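Descriptive analysis of the structure
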2 protein chains.
Amino acid sequence: MPGTTGADRRELSIDPTRLTARLDELGQIGAIPGTIGCARLALTDDDKAGRDLVRTWMEELGLDISIDGIGNVIATMPGFDPSLAPVMTGSHIDTVATGGRYDGNLGVLAGLEVIETVLAAGIELERPLAVGWFTDEEGARFPPDMLGSLVYVGGLPLEDALEIEDRDGAVVGDELDRIGYRGAAPTPGRVPHAFVELHIEQGPILEDEDITIGVVEGVQGISWTELTITGQSCHAGTTPMRLRHDPGYVAAAITTFVRDLTRELGGSQVATVGRLDLTPNLVNVVPSVATMTIDLRNTDEATLQEAEARFRAFVEQTAEREGVSVDSRTLARFEPVEFDPRVIDIVEQAAERTGQSSRRLPSGAGHDAQMFARVCPTAMIFTPSVNGISHNVTEYTEPADLEAGANVLLDVMLTLTSMEFST
Amino acid sequence: MPGTTGADRRELSIDPTRLTARLDELGQIGAIPGTIGCARLALTDDDKAGRDLVRTWMEELGLDISIDGIGNVIATMPGFDPSLAPVMTGSHIDTVATGGRYDGNLGVLAGLEVIETVLAAGIELERPLAVGWFTDEEGARFPPDMLGSLVYVGGLPLEDALEIEDRDGAVVGDELDRIGYRGAAPTPGRVPHAFVELHIEQGPILEDEDITIGVVEGVQGISWTELTITGQSCHAGTTPMRLRHDPGYVAAAITTFVRDLTRELGGSQVATVGRLDLTPNLVNVVPSVATMTIDLRNTDEATLQEAEARFRAFVEQTAEREGVSVDSRTLARFEPVEFDPRVIDIVEQAAERTGQSSRRLPSGAGHDAQMFARVCPTAMIFTPSVNGISHNVTEYTEPADLEAGANVLLDVMLTLTSMEFST
């Protein structure tokens, strides 16, 4: 095996006890009482505590740690040829407000586990291995999601990212300073040799088919829109229906419309209204303003564009009929991503070599890996989610599946170190 | 004129400058910057400041002031026969969160103006005149609305009312203590000889028909329901539509259903979804819980019951189809009220005698007067609302209409002092 010295990689496997112990310990930070879930919204105090913990583990392994201007943290195990770009893995450790302990965290801690396993075996590699976590992947606090990896690959200028505000007016740059994670490493960051991310599926397919490893071929396109609908606040008892300009009604009509649209478009099309706020939000007052978000996703860009166009047309017609005005803002828009066929093959072969069942599938969620797909050969590995549940405190993946996924990651990363990609 | 001494009542009229000056001064408390509106939610610090101001004015006139256990404040001008029950007027001085300065306040300050006018003229009456304000009429903080007058007439035991909580868990009894308005006067309160309330219309009818005085024949029935819809929070990207249990979608379907229902039932039927909260309320998470209110009103009890039944059936069907559970709670339920024909006639004659145009109409909103209709002869007087707008910072009534309304109130109250009602 070129570029490798030390023990035969085929004898290597990760330590499942250490991996689950670290997942448990990290899950204690921001733990939601009475559940196995946790809440570490990006750049909050709990996110900082989680970062500090994982950073300690990285330091204990003697890895080189760099922190860039958006707070991405990369830990590198050097190779013996310093001119070579690393094989990188990574994910995120921020969560949604009612999140689980596996989403994102698994990819970071399994990456750390891979490096610790390689180090413990005394294997020396020509290429560096790196594991990182990327800021605000969830986008649950600061839009867009995958913010840190987007900045890492040069998809958004750092100065623009630093000015993004959350709903309460807190600013990314200030929050990074506050928790001490605005670093000096430059963005865009160094382009990896290849990138692979291990993640829970967050959907029901692997469990339904009793398959352990998902070989991820690509990621759905994502379209997030925020609408601010302004009508006329008035008395709920005295205003005849024909004289109303009710933005809450318009928001409801949009919500049922996008549900109907998914049925009509079929395929992978999904649509979600996750956020809705009425002003003044009182039982006996017709609202003056409704603010809502619409999340549309599809693996097919043309169908996603059709969904967007029909959604926009419905909003326009309904607003006109009700006599309300609408301000529309794009919070995120990512085209569907296709991963590198060579890396996809390597993942599939690694599953076979480690004795795991596998199937190819697309990712319904956005992931940091899709940003790296812009700059280097990239793919992803999925492990099953019990009941397909994620973004929920009951999110769970069986320990045996965590172990299998991390061993596939180990195999893939070592293969990638000796893989040459002609560009 | 029996029971009256002093100046001829036909020469009397209220002082419009003093009335509007007091409305302006009270409107400064809780004023919403950049508007003529104000926010004095019941039992807040701003409500206390408003109460203190109006109480000072009552004290300056030497009136007998009583405060009962729910914080209703009644100021009485004694008659020369202490055994007789008063002719009472009154309304409320709490507002919604984005309210105007006329809703409720006009009725209280015009009542004060009537008494000051009678006092200034040196008229002595056999019967007392009384003006009061009633706690939490809006129900915008503590359900149900018209809480204070409901307790005054014995419709709700005081001890139950004192335990009602707002959305943040603050309790009526504690808040009354905090602002110093839990009084010693007993509830139910003394039954008045008759009750009449002056209020802005809060709707567009009088202005549309260029009429100054509304002779209110009754009040729409009100049905307030709060639904807590519980589904399954999950990831907005990875969960196929067929596997979703989305309470936000159900809330939206209910919102559009009740709009359609008003069109189908026609007549005076109105329906409003004024409050809706999603949990966790994030762009990329299917909500776990939706909490919403539905406000249904009709002048006809049978049709209101039909609306309620069809609404309940739709909720049940839709919840079952989506696989969510629903908890339903009645926040308020008042049957339509018919005012006393004799008092209605007196209001109509007073409009004619003071040279004002008038028409009979129902009230779309609930008012304290409807509580008094349970215990004594009662009616209401409406003045126009510009553009029909109320529960909004742009709520406005022309000074000439305020004056006309207050003079009709003066005439009606004096007539009622000498009216004998056979029960």
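In this text, all values refer to a predicted model and were calculated from it rather than measured experimentally.

This brings us to the overall build of chain A. For chain A, the count of helices and strands is twelve helices and 18 strands. Its C-alpha atoms give chain A a radius of gyration of 23 Å, near enough to 22 Å, the size a compact globule of 423 residues would have. Counting only C-alpha atoms and orienting by the principal axes, one finds that chain A spans roughly 80 × 45 × 45 Å. Residue pairs at least 24 apart in sequence account for 80% of intrachain contacts in chain A once pairs closer than 6 positions are excluded. Entry remark: accessible area of chain A is about 14,600 Å², with carbon and sulfur atoms responsible for 47%. Mean positive and mean negative side-chain charge positions of chain A (31 and 67 charges, respectively) differ by 4 Å.

The next thing to look at is the packing of helix H8 (residues 247-265) of chain A against helix H8 (residues 247-265) of chain B. Remark: H8 of chain A packs on H8 of chain B, axes separated minimally by 8 Å, with the N-to-C direction vectors making an angle of 120°. Put simply, H8 of chain A runs oblique to H8 of chain B. The interaxial crossing formed by H8 of chain A with H8 of chain B has left-handed handedness. Contacts between H8 of chain A and H8 of chain B involve Gly248, Tyr249, Ala252, Ala253, Thr255, Thr256 and Arg259 of chain A on the former and, on the latter, Gly248, Tyr249, Ala252, Ala253, Thr255, Thr256 and Arg259 of chain B. In terms of residue class, the contact of H8 of chain A with H8 of chain B is built from six nonpolar, six polar and two charged.

In this section: the interface of chain A and chain B. Taken together, the contact pairs 61 residues of chain A with 61 residues of chain B. Ranking the residues of chain A by area buried against chain B places Met241, Arg259 and Val283 of chain A at the top, with a combined share of 14%. Remark: the boundary between chain A and chain B carries two salt bridges. Of the charged contacts in the structure, one is a salt bridge between Arg259 of chain A and Glu322 of chain B, with a shortest N-O distance of 2.8 Å. Here chain A is connected to chain B by 26 residue pairs in polar contact (both at pLDDT 80 or more).

For the rest of this paragraph, the subject is the UniProt feature "domain: Peptidase M20 dimerisation" (unreviewed entry) in chain A. When the UniProt feature table is mapped onto this chain numbering, "domain: Peptidase M20 dimerisation" (unreviewed entry) sits at residues 219-320 of chain A. As annotated, residues 219-320 of chain A has a helix share of 38% and a strand share of 31%, and its two end C-alpha atoms lie 36 Å apart.

By the element assignment, His391 of chain B lies in the loop between strand S18 (378-383) and helix H12 (399-417). Only 3.3 Å separates the side chain of His391 of chain B from the backbone oxygen of Asn284 of chain A, close enough to count as a polar contact. The contact partners of His391 of chain B, leaving out residues within four places of it in the chain, are Ser233, Cys234, His235, Asn284 and Val285 of chain A together with Val96, Thr98, Gly99, Asp103, Glu138 and Gln202 of chain B.

Attention shifts here to the environment of Gly388 of chain B. Residues and elements named next belong to chain B. Within the secondary structure, Gly388 is located in the loop between S18 and H12. Here Gly388 falls in the buried class, since its relative accessible area comes to 6%. In the structure, Gly388 is positioned 183 residues away from Ile205 in sequence and 7.4 Å away in space, judged by C-alpha atoms.

Further remarks concern the pattern of salt bridges. This structure, assessed with the given rule, holds 58 salt bridges over all chains. What you see here is one network of salt bridges that share partners, running through Asp45, Arg141, Asp166, Glu175 and Arg178 of chain A.

Under the definition given, this model contains six cavities of 30 Å³ or more. Taken as a whole, the largest cavity encloses approximately 110 Å³ of empty space. If you go around the largest cavity, you meet 14 residues; those closest to its centre are Ala252 and Leu276 of chain A together with Ala252, Thr255 and Leu276 of chain B. Breaking the lining of the largest cavity down by element, the ones donating at least two residues are H8 and strand S12 (276-279) of chain A together with H8 and strand S12 (276-279) of chain B. Residue classes in the lining of the largest cavity are distributed as ten nonpolar, four polar and no charged.

Next up on the list: the packing of aromatic side chains. All names here are of chain A. In the structure shown here, the tally under the stated rule is 14 aromatic pairs over all chains. For the pair Tyr102 and Tyr396, a centre-to-centre distance of 5.9 Å together with 85° between the ring planes defines the contact as edge-to-face. Highlighted residues: Tyr102 in the loop between strand S4 (87-91) and helix H3 (105-120) and Tyr396 in the loop between strand S18 (378-383) and helix H12 (399-417), separated in sequence by 294 residues. Exposure remark for Tyr102: the relative accessible area of 5% places this residue in the buried category. A connected cluster of aromatic rings, assembled from ring pairs, spans Phe134, Tyr152, Phe195 and Phe372. Over the aromatic face of Tyr181 sits the side chain of Arg51, whose NZ or CZ is 4.8 Å from the ring centroid.

This part takes up the relation of the copies chain A and chain B. Between the two copies, chain A and chain B, the superposition gives an RMSD of 0.0 Å; the rotation angle is 180° and the shift along the axis is 0.0 Å. Between the two chains, the operation in question is that of a two-fold axis. Judged by C-alpha distance, Ala252 of chain A is the residue of chain A that lies nearest the rotation axis, at 2.1 Å. An overlap of 100% is found between the interface residues of chain A and their copies at the interface of chain B, pointing to a shared contact surface.

Turning our eyes to something else, we now look at the UniProt feature "binding site: Zn(2+) 1" (unreviewed entry) in chain A. All names here are of chain A. The feature "binding site: Zn(2+) 1" (unreviewed entry), as given by UniProt, occupies His92, Asp103 and His199 in the numbering adopted here. Taken together, the annotated residues stretch across 108 residues yet fold into one region, lying no more than 9.9 Å apart by C-alpha. For His92, a relative accessible area of 0% translates into the label buried. Here Asp94 takes part through its backbone oxygen, which lies 2.9 Å from a polar atom of the side chain of His92. For Asp103, the location among the structural elements is in the loop between S4 and H3. The class of Asp103 is buried, set by a relative accessible area of 4%. In this view, Asp103 contacts His92, Asp94, Glu138, His199, Ile200, Gln202, Ser390, His391 and Glu395; residues no more than four positions away in its chain are not counted. Reaching out from Asp103, the side chain makes a polar contact with the side chain of His92 at a distance of 3.2 Å.

Of the consecutive residues Thr187 of chain A and Pro188 of chain A, the connecting peptide bond is found in the cis state with omega at -5°. On the secondary structure map, Pro188 of chain A appears in the loop between helix H6 (172-179) and strand S7 (194-200). Phi is positive for Asn387 of chain A, close to 60°, though the residue is something other than glycine. The phi dihedral of Met146 of chain B falls on the positive side, at around 60°, and the residue is not glycine. By the secondary structure assignment, Met146 of chain B is in the loop between strand S6 (129-133) and helix H4 (147-152).

So, about the side chain of Glu113 of chain B. Secondary-structure assignment places Glu113 of chain B in helix H3 (residues 105-120). Dropping the residues within four chain positions of it, Glu113 of chain B is found in contact with Ile14, Asp15, Arg18, Leu19 and Arg22 of chain B.

What follows concerns a negative patch on the surface. Where like charges cluster on the molecular surface, the negative patch consists of Glu207, Asp208, Asp210 and Glu398 of chain A. One can find Asp210 of chain A in the loop between helix H7 (205-208) and strand S8 (213-219).

What counts and what doesn't
- Residues numbered from 1 in each chain as written.
- Chains lettered and ligands numbered in written order.
- Predicted model: local features only at pLDDT ≥ 70, side-chain atom pairs only at ≥ 80, totals over all residues.
- Heavy atoms only, no water.
- Helix = DSSP H or I, 4+ residues; strand = E, 2+ residues; numbered from the N terminus.
- Rg over C-alpha atoms; globule rule 2.2 N^0.38 Å.
- Contact = heavy atoms within 4.5 Å.
- Areas by Shrake-Rupley, 256 points an atom, 1.4 Å probe, with all protein chains shown as cover.
- Lys, Arg positive; Asp, Glu negative; His and termini not counted.
- Charge placed at Lys NZ, Arg CZ, Asp CG, Glu CD.
- Axes fitted to C-alpha atoms, helices over the stretch in contact; angles between N-to-C directions.
- Parallel < 35°, antiparallel > 145°, perpendicular 65-115°, else oblique.
- Left-handed = near helix turned anticlockwise from the far one by under 90°.
- Nonpolar A, V, L, I, M, F, W, Y, C, P; charged D, E, K, R; others polar.
- Buried area = accessible area lost by both parts, 1.4 Å probe.
- Salt bridge = Lys/Arg side-chain N within 4 Å of Asp/Glu carboxyl O.
- Polar contact = N/O pair within 3.5 Å; in protein donor to acceptor, adjacent residues only side chain to side chain.
- UniProt positions renumbered as here; feature names shortened; annotations may be inferred.
- Buried < 20%, exposed > 50% of the residue type's maximum accessible area, 1.4 Å probe, protein only.
- 1 Å grid on protein atoms, 1.4 Å probe; cavity = no way out; pocket = protein on both sides within 12 Å on 5 of 7 lines; lining within 4 Å.
- Points joined across faces, edges and corners; volume = space filled by probe spheres on them.
- Phe/Tyr/Trp six-rings, centres within 6.5 Å; stacked < 30°, edge-to-face > 60°.
- Lys NZ or Arg CZ within 6 Å of the ring centre and 35° of its normal.
- Least-squares fit on C-alpha atoms with pLDDT ≥ 70 in both.
- Patch = residues over 30% accessible without salt bridge, like charges linked within 9 Å, V, L, I, M, F, W, Y side chains within 5 Å.

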